[in-house]
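Chain by chain, the residues:
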Amino acid sequence: LIKQITSHWDQNLVPLVSGTGGYYCSITLNNKIDVTKLIRRLAQEKIYVASNQSSFYGDNYDNSIRFSLSRVEEGELKIVLNRFYEIVLELTNN
């Protein structure tokens, strides 16, 4: 379902959506996108994500964030991921 929802996303902005099974979905972003700013902007919409920075050692961080899917209903997932992408586009156009 996640791959279907994200299939039209610009691969230059969001090159990778991984970990699409289980409790989490990791989304790698273009290095030009400020993850901290994105996380703050998403929180304003009550979309809470976390940076994956603490999951990497040294300089291997890949500018990615993690969505928890454990309490998201299937119908909500499309709404949340589409809104996430709209906000990514907003931030890249400013």
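Above this text you will find the structure in question.
Residues numbered from 1 in each chain as written. Predicted model: local features only at pLDDT ≥ 70, side-chain atom pairs only at ≥ 80, totals over all residues. Heavy atoms only, no water.

**Thoughts on helix H3 (residues 74-93)**
It helps to recall that an α-helix has 3.6 residues per turn; residues three or four apart then point in one direction.
Turning to step 1, where the next piece is worked out: With 20 residues, H3 should reach 28 Å at 1.5 Å per residue; the first-to-last C-alpha distance of 29 Å fits that figure.
Turning to step 2, where the next piece is worked out: Where H3 is buried, its residues touch helix H1 (2-6), strand E2 (24-28), helix H2 (35-44) and strand E4 (64-68). (Helix = DSSP H or I, 4+ residues; strand = E, 2+ residues; numbered from the N terminus. Expected span 1.5 Å × (residues − 1). Contact = heavy atoms within 4.5 Å.)

**Comments concerning the pairing of E4**
Turning to step 1, where the next piece is worked out: Pairing of E2 with E4, which is carried by five bridges, proceeds in the antiparallel orientation. Its bridge partner lying in E4, Ser 26 is registered against Arg 66.
Turning to step 2, where the next piece is worked out: Alignment of strand E3 (residues 50-51) against E4, held across two bridges, turns out to be antiparallel. Within the sheet, the bridge partner assigned to Ala 50 lies in E4 and is Arg 66. (Pairing = 2+ DSSP bridges.)

**As for the nonpolar core**
Turning to step 1, where the next piece is worked out: Counting 23 residues, the largest nonpolar core has Ile 27, Leu 29, Leu 38, Ile 65, Phe 67 and Phe 84 as the members making the most contacts within it.
Turning to step 2, where the next piece is worked out: Of all elements in the fold, only H1, E2, H2, E4 and H3 reach the threshold of two or more residues within this core.
Turning to step 3, where the next piece is worked out: Here this core takes six residues from H3, the largest share from any one element.
Turning to step 4, where the next piece is worked out: Excluding residues that lie within four positions of it along the chain, Leu 29 makes contacts with Leu 13, Val 14, Pro 15, Val 35, Leu 38, Asp 62, Asn 63, Ile 65, Phe 84 and Val 88. (Core = buried A, V, L, I, M, F, W, Y, C linked by side-chain atoms within 4.5 Å. Buried < 20%, exposed > 50% of the residue type's maximum accessible area, 1.4 Å probe, protein only.)

**Points about the pattern of salt bridges**
If the charged atoms of two oppositely charged side chains come close together, the side chains can form a pair.
Turning to step 1, where the next piece is worked out: Following the criterion strictly, the structure yields five salt bridges and no others.
Turning to step 2, where the next piece is worked out: Glu 45 serves as the salt-bridge partner of Arg 41, at 3.0 Å between the closest nitrogen and oxygen.
Turning to step 3, where the next piece is worked out: With relative accessibility at 18%, the residue Arg 41 sits in the buried group.
Turning to step 4, where the next piece is worked out: Here Arg 83 ties to Glu 45 by a salt bridge, and the two come within 3.1 Å at their closest N and O atoms. Here the residue Arg 83 occupies a position in helix H3, and Glu 45 occupies one in the loop between H2 and E3, the gap between them amounting to 38 residues.
Turning to step 5, where the next piece is worked out: For Glu 45, a relative accessible area of 31% translates into the label partly exposed. (Salt bridge = Lys/Arg side-chain N within 4 Å of Asp/Glu carboxyl O.)

**A closer look at the packing of H2 against H3**
Turning to step 1, where the next piece is worked out: With their axes 10 Å apart at the nearest point, H2 and H3 run at an angle of 130° to one another. As summarised for this structure, H2 and H3 are arranged oblique, according to the angle between their axes. When you trace H2 past H3, the crossing you get is right-handed. Where H2 abuts H3, its residues Lys 37, Leu 38, Arg 41 and Leu 42 lie against Arg 83, Phe 84, Ile 87, Val 88, Glu 90 and Leu 91.
Turning to step 2, where the next piece is worked out: Looking at the contact of H2 with H3 residue by residue, the classes come out as six nonpolar, no polar and four charged. (Axes fitted to C-alpha atoms, helices over the stretch in contact; angles between N-to-C directions. Parallel < 35°, antiparallel > 145°, perpendicular 65-115°, else oblique. Left-handed = near helix turned anticlockwise from the far one by under 90°. Nonpolar A, V, L, I, M, F, W, Y, C, P; charged D, E, K, R; others polar.)

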